[in-house]
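Structure assessment
For reference, the chains in residue letters:
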Amino acid sequence: MTGELSRQVEAARAGDEDAFRHLYRSLQPGLLRYLTALVGADAEDVASETWLQVARDLPTFTGGEFRAWAVTIARNRAMDHLRRQRRRPALPVPVQELSEMAGDADTAERAGESLGTEAALAMIASLPPREAEAVLLRAVIGLDAETAGRVLGRRAGAVRTAAHRGLRRLALLLDQRGAATTSAGSDDVPTVPTGDARPRQRAGLPPQAEPVDG
Amino acid sequence: MRKLREMLRRSLRADHERLLDTAADARSTRPAPGPADPLADLLRAAAAPARERELAGEEAAVAAFRDAHRPAGAVSATRRRRHRGFTAGAVAWIAGLAATATAGAALAAVGLDRAGPPSPPAVTTSPAAPVPSTSVGTPTGKPAAEPAAAPNAPTAPTPSTARADGPTGDAATVPPSPTPHAPVTPNPEATTQVGPGNSDNTTDRPGLCRAYLAKSERQREKALRTPAFNELVVAAGGAEHVEEYCRGLRAESTANPTTGP
């Protein structure tokens, strides 16, 4: 897969539009999901800024991991975005909006699946930022721990630890969720489709919390 | 007892590593048969294949790519903007110096010209004229010394004279220029293009426009509220004029024969 990817990158650098399209299609979904965890509803805008820059700077890309390079651009863009947001009167995305996004997004796709993509992403986004980023870069973008560490400016070991903690937390959330489903009917436990917001609050962290820089 | 716990922890960690490694690769495959693992399901769901709407920005991205990789002359502005760091800074700075230096010469020359035959007005030199961007990119020495290039393309010598001129301290190249007042006009132009302050992509209005036009109605409205598109709003003179402005810009670029692929 990596060989295929670098072949496409080479072709795109030489001006091959189809190759670029291919890169976009293979990276954009993961990028968007990662960015959603960082900047919420503005992820789409940050993603298109990212691709503008990728398209423009591709000739200066000197090799290495293309995905890591692109994700680093995306992350920088997201940080810029959050910084700008902080300067303006803050208008934080309320938790409800995110869970609505999770709810109405792909009900159809979700039917028949135990857990939908949006719900899964919402749960990951509920983790502490470091852990969420580590899990997303590893599992959704598909970077290894070393490469993810380079993107995040941390050591591979630190990324592994963060991802490991994140998964432990997620397993806990899933347990609670499972318990909630089996004992559905009591008042304070949500049923499956609306359960998305609940674990996030239990994790006790705002989904918009800014990732720690460096 | 403590040892056992330690072992369990290690094995859990290894399990997690394996899960993380396989999640992204498992995109195309269905869940492996075996004991249900909710955590693996969650990661698999998070790394599920692309949904249609996630790829909504594809055309905009490809358009930006096309824009950046347009061949030959049309690309020169983009490419020149790409020269960053020391080179861009130095060229801009030296170009500024050259502008100041030649301005004096130009003033003097204008005084002389009054008496002489009418010379072509400097304004008519098209800013698109600065031809081969390679002359900027390659440190080939002193292309300005070539007499052939000078009279026809007065804009071209600007970056190259600056380049040939600055490091060597060979100030003699500038004054004897055949049309000394010509470079004065293009100089500020060159400075704004390569200036270090312009490395940001916000100057890429056609690109922004394409990104904007590729969005759906609902997204457009939202996009205009973001700082990224703020420049478009300003350039168009108001959010309600952006679409018109962008269509105009696009028509302009399609009408221009040099921009074809």
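Small disclaimer: the values here were computed from a predicted structure and weren't measured.

Before going further, it helps to examine the overall build of chain A. Scanning chain A for helices and strands turns up 11 helices and 0 strands. Going residue by residue from the N terminus, the α and β elements of chain A occur as α-α-α-α-α-α-α-α-α-α-α. Looking at chain A residue by residue over its 214 residues, the buried ones come to 46%. Sequence-distant contacts in chain A: of pairs separated by 6 or more residues, those separated by 24 or more amount to 64%.

Helix and strand counts for chain B stand at 13 helices and 0 strands. Secondary structure elements of chain B occur, N-terminal to C-terminal, as α-α-α-α-α-α-α-α-α-α-α-α-α. Within chain B, contacts between residues at least 6 apart in sequence are counted, and of these 69% link residues at least 24 apart.

With that settled, the discussion passes to the environment of A:Ala132. Residues and elements named next belong to chain A. Along the chain, the position of Ala 132 falls in helix 8 (residues 129-141). Residue Ala 132 is classed as buried on the basis of its C-beta count, with 28 C-beta atoms lying within 10 Å. Considered as a pair, Ala 132 and Ala 162 are 30 residues apart in the sequence and their alpha carbons are 8.2 Å apart. Discounting residues that sit within four places of it in the chain, Ala 132 has contacts with Ala 37, Ile 124, Ala 125, Leu 127 and Gly 166.

Here we take up the confidence of the model for chain B. Residue and element names in this part refer to chain B. Across chain B, the average pLDDT comes to 63, with 43% of residues at 70 or higher. Across residues 72-80, where pLDDT falls below 50, the model places 14 contacts with residues more than four positions away in sequence or in other chains. Contacts of residues 119-202 to residues separated by more than four positions or lying in other chains number 122 contacts, the stretch itself having pLDDT below 50. Across the interface, the model reports ipTM at 0.75; the global pTM reads 0.52.

The interface of chain A with chain B comprises 46 residues on the first partner and 39 residues on the second. Breaking the side of chain A that touches chain B down by element, the ones donating at least two residues are helix 2 (17-39), helix 3 (43-57), helix 7 (117-125), helix 8 and helix 10 (156-182) of chain A. If one sorts the elements of the side of chain A that touches chain B by residue count, helix 3 of chain A sits on top with 10 residues. Here the side of chain A that touches chain B is built from residues that sort into 21 nonpolar, 11 polar and 14 charged.

Attention shifts here to the environment of B:Leu213. All names here are of chain B. Within the secondary structure, Leu 213 sits in helix 10 (residues 205-213). According to the C-beta neighbour criterion, Leu 213 is partly exposed, with 17 such atoms within 10 Å. For the pair Leu 213 and Cys 246, spaced 33 residues apart in sequence, the C-alpha to C-alpha distance is 7.5 Å.

Formed by 82 residues in total, the largest nonpolar core has its most connected members in A:Tyr34, A:Leu35, A:Ile124, A:Leu136, A:Ala139, B:Ala46 and B:Ala64. Of the residues forming this core, the biggest block, 11 residues, is contributed by helix 2 of chain A. Sequence-distant contacts of A:Leu136, defined by excluding residues within four places in its chain, comprise A:Arg33, A:Tyr34, A:Ala37, A:Ile124 and A:Ile141.

Turning our eyes to something else, we now look at the packing of helix 1 (residues 2-13) of chain A against helix 2 of chain A. Residue and element names in this part refer to chain A. Between helix 1 and helix 2, the shortest axis-to-axis distance is 7 Å and the interhelical angle comes to 135°. With respect to helix 2, the axis of helix 1 lies oblique. At the point where helix 1 passes helix 2, the crossing takes the left-handed sense. Taken together, the residues of helix 2 that come into contact with helix 1 (itself represented by Gln 8, Val 9, Ala 11 and Ala 12) are Ala 19, Phe 20, His 22 and Leu 23. Looking at the contact of helix 1 with helix 2 residue by residue, the class counts come to 6 nonpolar, 2 polar and no charged.

Now for the packing of helix 4 (residues 66-87) of chain A against helix 9 (residues 145-152) of chain A. Residues and elements named next belong to chain A. Interaxial distance between helix 4 and helix 9 falls to 9 Å at its minimum, and their mutual angle equals 30°. The hand of the helix 4/helix 9 crossing is right-handed. Within the contact between the two elements, helix 4 uses Ala 68, Val 71, Thr 72 and Arg 75 and helix 9 uses Thr 147, Arg 150 and Val 151. Its residues assigned to classes, the contact of helix 4 with helix 9 shows 3 nonpolar, 2 polar and 2 charged.

Definitions and cut-offs
Residues numbered from 1 in each chain as written. Chains lettered and ligands numbered in written order. Predicted model: local features only at pLDDT ≥ 70, side-chain atom pairs only at ≥ 80, totals over all residues. Helix = DSSP H or I, 4+ residues; strand = E, 2+ residues; numbered from the N terminus. Buried ≥ 20, exposed ≤ 12 C-beta atoms within 10 Å, placed from the backbone. Contact = placed C-beta atoms within 7 Å. pLDDT = per-residue confidence, 0-100. Nonpolar A, V, L, I, M, F, W, Y, C, P; charged D, E, K, R; others polar. Core = buried A, V, L, I, M, F, W, Y, C linked by C-beta atoms within 7 Å. Axes fitted to C-alpha atoms, helices over the stretch in contact; angles between N-to-C directions. Parallel < 35°, antiparallel > 145°, perpendicular 65-115°, else oblique. Left-handed = near helix turned anticlockwise from the far one by under 90°.

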